[in-house]
Amino acid sequence: MSDTKEYQEKNVEESSSFPVMPLRNTVLFPQQVIPIYIGREKSLKLIGDIDSKSKQIVVVAQEDGSIEDPKTEDLYEFGTLAVVLKVFDMPDNSKSAIVQGIRRVKILKYVSEAPYHRAIVRAVESHSRENDLELDALMNNLRQTFAELVQVAPNLTEEHTGMLSNIQKPSRLADRAISLITVSNREKQSILEELDIKKRVEAAISILTREIQRIKLGEEIQTEVQDEIAKSQREYYLREQMKAIKRELGEDEGTVELKELEERIKAAELTEEARKVALKELDRLSKIPTQSPEYSVSRTYIEWLADLPWSKSTEDRIDVKEAFRILDEDHYGLDKVKERVLEYLAVRDLKQRRDPGKPVRGPILCFAGPPGVGKTSLGKSIARAMGREFVRMSLGGVRDEAEIRGHRRTYIGALPGRIIQSIKKAGTNNPVFMLDEIDKLGSDFRGDPSSAMLEVLDPEQNNSFSDHYLEVDFDLSNVMFISTANYRDAIPPALRDRMEILDFSGYIEDEKIKIAQRHLVPKQIKENGLTKSDVSLQEDALKELIRSYTREAGVRNLEREIANVLRKVARDIVEGRRKKVRVTKKKVNEYLGAPRFYSEIAERTEKPGVVTGLAWTAAGGDILFIEASKMPGKGRLTLTGQLGDVMKESATAALSYVRSHTDILGIPEDFHEHTDIHVHVPAGAIPKDGPSAGVSMYTAMVSLLTGKPVVNGVAMTGEITLRGNVLPIGGVKEKVTAAHRAGIKIIILPDHNRKDLEEIPDHIKKDLTFHFAKEIMQVIEVAIPEVVSDLKKKTRKKAVKRK
């Protein structure tokens, strides 16, 4: 092949330069005659300057026909030397020309671009073997393929077939066949540039075959579309006939639908007010044409009225013991909440016995507590225990009042609010209705949903709840509403006042172990494809998970960590390393790596000025260290550790009490004139606030200024006043549990918190010694007994001297 190419190039003579005319959307082949429209300025100039004798130009196709003023790089390398046969002037000052292709040329070099392109070209010749039988066969194949194309192509006729049959040269045959069909410029250009005649004929056959397939596929699609249209028209015609027949028989769609709606209204047992509204709307519907948009709006409204459970309710479970068994089966602990639900069932039972016709209002409860303590799941358990349906509505992020009350029917696509939608979904008018995350209600320009909730959660008003869409009152007094919140302070006061708030304080360690053993471990064993015979989690392993890998009030992260351990157990069993796994504390550390959390050790330095306090956290409670230090100065008090305003005020009050009672503490009266005090609470990255550290701060200052250390193993909590009184605090259960977990032995509490010890498990109380203080010196007697003993010695000495 390379020898032939070199031979051809040697025999190709270089000619002088020719004007070059770019063509937008066509390719000119040798011997082809085509008309071209000339409208571009350069092309008009070219035609005007054409040599009157030779009239020869080079015609080249543009690679992109959308370019108005093509550069040399926008033109193909191969073109056609052509002669301009005739030029016509057009009415719009443009021209039209008839040109005939002469031969293929290759553009060697452009010599100018203005006022139009001129280029030096070289004629190129096609080449093939002589007496090639394969080429003859390909020519016959090309003619047959073209004849097939003529049968399907709408723009080709039998005359074109006859035209091709008279052409004997294979190169001309391929050129003419491609010039007659409508294909892309890129495909035509590939034929023009192909100099091997055999390959050119093969490429032409391929293009013709592809065009036949494209046309046939288009016809098939068109046939399918027409069939579909004909089918739709036929169905429409038949439906119209059916409508006409039904109208004659008095059974048209409108009449049948109206009868069905009327029967549904009767079966729904609506209230008198709702029944009147529904029948009035039904009468209006009968006068509206079915094609009218108003028809579907009116029909939807009637359907909503008919579908609501106006008088359908479920029977409550009367057996209080059975209800308690179900509640206890689903949740460990939470005794106060369970007690409140059982009280409601007992009251309902009594009322129904003595006055069966009188309705019993459902309580409106609010479960307030940290995440993961079982607020939502307890709602489901309550519904199961009472034998009622359960519906849940999440209020987190709700900002539009219409979400609660619905939209008025004047709006397109209006629907009732989510309260009515949920009642319809429940199918009864007395479900257990959970309003989740009520503390996260928002408000903006669309209204205040919390204000709309006032009517829903008010027992005096919700027996006639009005939804904007329904515009008739619906009785919600039989519904048992239960809301949940993480922070009660975020609930608007008016809304908070309408609910009975039950605090979920979080689980202590022992409760978490019981919950894990009863619920979490069996659930995760099943979910991870294991059985009890495959794995067992020891109690010490659960304690390690709770203490070292989770720090929370609830049990969600504990469940995740249990699942994490069991997945690793499943892998060990599948890989054949073990048949049965006994998960111990050591195994937990092996599976999960280094512990993520650690408890502060209660044993602290013997230096004065360090006190162990107790703090409530969302994770259930912790011990807190208060450190005090003194330095030369002018009586300034410095507080660090990211303390809140209330905690800072407690420190100031503690210092004021110390200064006003220096005589009974054995501290110099003028200590503040030459001493600065710095109080720091470690874990400075964590914000801290609250009044319960007042007692601890006072004790730390007394310890610092007297030089007497606090008794080892003592922790304390309580609020202090300027008169030295110790006031009660909250979170006693969590604080005491945290102290027990940290190894504390003695706890000082305000006297008013004595009653809170009832909530603390007996096995924790037996390990601790409790002291109750009404005033601050009672705290000092326990925490720093040396101060009190020194004071007594001084008092005795003074008494002896007087004698």
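Residues numbered from 1 in each chain as written. Predicted model: local features only at pLDDT ≥ 70, side-chain atom pairs only at ≥ 80, totals over all residues. Heavy atoms only, no water.

1. With respect to the side chain of Asp534
Line of reasoning, step 1. Residue position: Asp534 is located in the loop between helix 18 (509-527) and strand 14 (535-537).
Line of reasoning, step 2. One buried charged side chain, Asp534, makes no salt bridge at all; its nearest oppositely charged neighbour is Lys580, positioned 8.4 Å away.
Line of reasoning, step 3. Setting aside chain neighbours within four positions, we find Asp534 in contact with Ile573, Lys579, Lys580 and Val581. (Helix = DSSP H or I, 4+ residues; strand = E, 2+ residues; numbered from the N terminus. Buried < 20%, exposed > 50% of the residue type's maximum accessible area, 1.4 Å probe, protein only. Lys, Arg positive; Asp, Glu negative; His and termini not counted. Salt bridge = Lys/Arg side-chain N within 4 Å of Asp/Glu carboxyl O. Contact = heavy atoms within 4.5 Å.)

2. What about the sheet that holds strand 18 (residues 637-640)?
Line of reasoning, step 1. One open sheet holds the seven strands; their spatial order is 18-19-17-16-20-23-24, and the pairing between them is mixed. A strand with exactly one partner marks an edge of an open sheet, and here the two such strands are strand 18 and strand 24 (769-773). Averaged over all pairs of adjacent strands, the angle between strand axes in this sheet comes to 30 degrees, irrespective of strand direction.
Line of reasoning, step 2. Sheet topology places strand 17 (residues 622-632) next to strand 19 (residues 675-680); six bridges connect them, and they run antiparallel. From the neighbouring strand, Met631 faces strand 19, where its bridge partner is Asp676.
Line of reasoning, step 3. Here helix 24 (residues 694-706) sits on the sheet and contacts strand 16 (610-615), strand 17, strand 18, strand 19 and strand 20 (714-716); the angle it forms with strand 17, its principal contact strand, is near 40 degrees. (Pairing = 2+ DSSP bridges. Axes fitted to C-alpha atoms, helices over the stretch in contact; angles between N-to-C directions.)

3. Here we look at a negative patch on the surface
Line of reasoning, step 1. Side chains of Glu219, Glu220, Glu224, Asp227, Glu228 and Glu235 sit close together on the surface and give a patch of like negative charge.
Line of reasoning, step 2. Residue placement: Glu228 occurs in helix 7 (residues 197-249).
Line of reasoning, step 3. For Glu228, a relative accessible area of 47% translates into the label partly exposed. (Patch = residues over 30% accessible without salt bridge, like charges linked within 9 Å, V, L, I, M, F, W, Y side chains within 5 Å. Areas by Shrake-Rupley, 256 points an atom, 1.4 Å probe, with all protein chains shown as cover. Charge placed at Lys NZ, Arg CZ, Asp CG, Glu CD.)

4. Details of the sheet that holds strand 8 (residues 390-394)
Line of reasoning, step 1. If you trace the five strands from one edge of the open sheet to the other, you get 8-9-12-7-13, paired in parallel fashion. Single-partner strands in this sheet number two, and they are strand 8 and strand 13 (500-503). With direction set aside, neighbouring strand axes in the sheet form an average angle of 20 degrees.
Line of reasoning, step 2. Inspection of the sheet shows strand 7 (residues 364-368) paired to strand 12 (residues 480-485) by five bridges, in the parallel sense. Within strand 12, the residue paired with Ile364 across the bridge is Phe481.
Line of reasoning, step 3. Of the strands in this sheet, strand 7, strand 12 and strand 13 touch helix 12 (residues 335-354), which is tilted by about 145 degrees from strand 13.

5. Some thoughts on unusual backbone geometry
Line of reasoning, step 1. With an omega of 0 degrees, the peptide bond between Ala114 and Pro115 qualifies as cis.
Line of reasoning, step 2. Here Pro115 shows up in the loop between strand 5 (95-112) and strand 6 (118-123).
Line of reasoning, step 3. A positive phi angle is found at Asn93, which is not glycine, with a value near 70 degrees.
Line of reasoning, step 4. By the element assignment, Asn93 lies in the loop between strand 4 (78-89) and strand 5.

6. Comments concerning the layout of surface pockets
Line of reasoning, step 1. One number sums up the size of the second largest pocket: a volume of about 580 Å³.
Line of reasoning, step 2. Forming the boundary of the second largest pocket are 24 residues, of which Gly372, Gly374, Ser377, Val555 and Glu559 lie nearest the centre.
Line of reasoning, step 3. For the lining of the second largest pocket, the secondary-structure elements that each account for two or more residues are helix 13 (375-386), helix 18 and helix 20 (556-574).
Line of reasoning, step 4. Residues that form the lining of the second largest pocket fall into these classes: seven nonpolar, nine polar and eight charged. (1 Å grid on protein atoms, 1.4 Å probe; cavity = no way out; pocket = protein on both sides within 12 Å on 5 of 7 lines; lining within 4 Å. Points joined across faces, edges and corners; volume = space filled by probe spheres on them. Nonpolar A, V, L, I, M, F, W, Y, C, P; charged D, E, K, R; others polar.)

7. Here we look at the packing of helix 24 against helix 27 (residues 776-783)
Line of reasoning, step 1. Close contact between helix 24 and helix 27 brings their axes to 11 Å; oriented N to C, the two are set at 60 degrees. One finds that helix 24 runs oblique with respect to helix 27. For the pair helix 24 and helix 27, the sense of crossing is right-handed. Of the residues in helix 27, those touching helix 24 at Val695, Tyr698, Thr699 and Val702 are Ile776, Met777, Val779, Ile780 and Ala783.
Line of reasoning, step 2. Tallied by class, the residues present in the contact of helix 24 with helix 27 amount to eight nonpolar, one polar and no charged. (Parallel < 35°, antiparallel > 145°, perpendicular 65-115°, else oblique. Left-handed = near helix turned anticlockwise from the far one by under 90°.)

8. Some remarks on a nonpolar patch on the surface
Line of reasoning, step 1. Taken together, the side chains of Leu217, Ile221, Val225 and Ile229 define a hydrophobic patch exposed on the protein surface, amounting to about 350 Å² of accessible area.
Line of reasoning, step 2. Considering the arrangement of structural elements, one finds Ile221 in helix 7.
Line of reasoning, step 3. Judged by relative accessible area, which is 47%, Ile221 ranks as partly exposed.

9. Description of helix 18
Line of reasoning, step 1. The largest bend along helix 18 reaches roughly 50 degrees and is located at Ala516.
Line of reasoning, step 2. Residues Glu509, Glu511, Lys512, Ile513, Ile515, Ala516, Leu520, Val521, Gln524 and Ile525 constitute the buried set of helix 18.
Line of reasoning, step 3. The inward-facing, buried residues of helix 18 abut strand 14, helix 19 (539-548), helix 20 and helix 25 (732-742).
Line of reasoning, step 4. Once helix 18 finishes, Gly529 follows within two positions and takes phi at roughly 70 degrees, a positive value. (Bend = angle between axes of the 7 residues up to and from the residue.)

10. Let's talk about the pairing of strand 19
Line of reasoning, step 1. Where strand 18 meets strand 19, four bridges bridge the pair, whose relative direction is parallel. Among the inter-strand pairings, Thr638 is bridged to a residue of strand 19, identified as His678.

11. Let's talk about the packing of aromatic side chains
Line of reasoning, step 1. Going through the model one piece at a time under the given rule, you end up with five aromatic pairs.
Line of reasoning, step 2. Over the face of the ring belonging to Tyr301 we find Arg409, whose NZ or CZ atom lies 3.7 Å from the ring centre.
Line of reasoning, step 3. Sitting above the plane of the Trp304 ring, Lys424 keeps its charged end 4.1 Å from the centroid. (Phe/Tyr/Trp six-rings, centres within 6.5 Å; stacked < 30°, edge-to-face > 60°. Lys NZ or Arg CZ within 6 Å of the ring centre and 35° of its normal.)

12. Topic: the packing of helix 18 against helix 20
Line of reasoning, step 1. Taken N-terminus to C-terminus, the directions of helix 18 and helix 20 make an angle of 50 degrees; their axes are 10 Å apart at the nearest point. One element, helix 18, and the other, helix 20, form an angle in the oblique class. Seen along the crossing, helix 18 lies across helix 20 with a hand that is right-handed. Residues Lys512, Ala516, Leu520, Val521, Lys523, Gln524 and Ile525 of helix 18 lie in contact with helix 20, whose contacting residues are Leu558, Glu559, Ile562, Ala563 and Leu566.
Line of reasoning, step 2. A breakdown of the residues in the contact of helix 18 with helix 20 according to their chemical character gives eight nonpolar, one polar and three charged.

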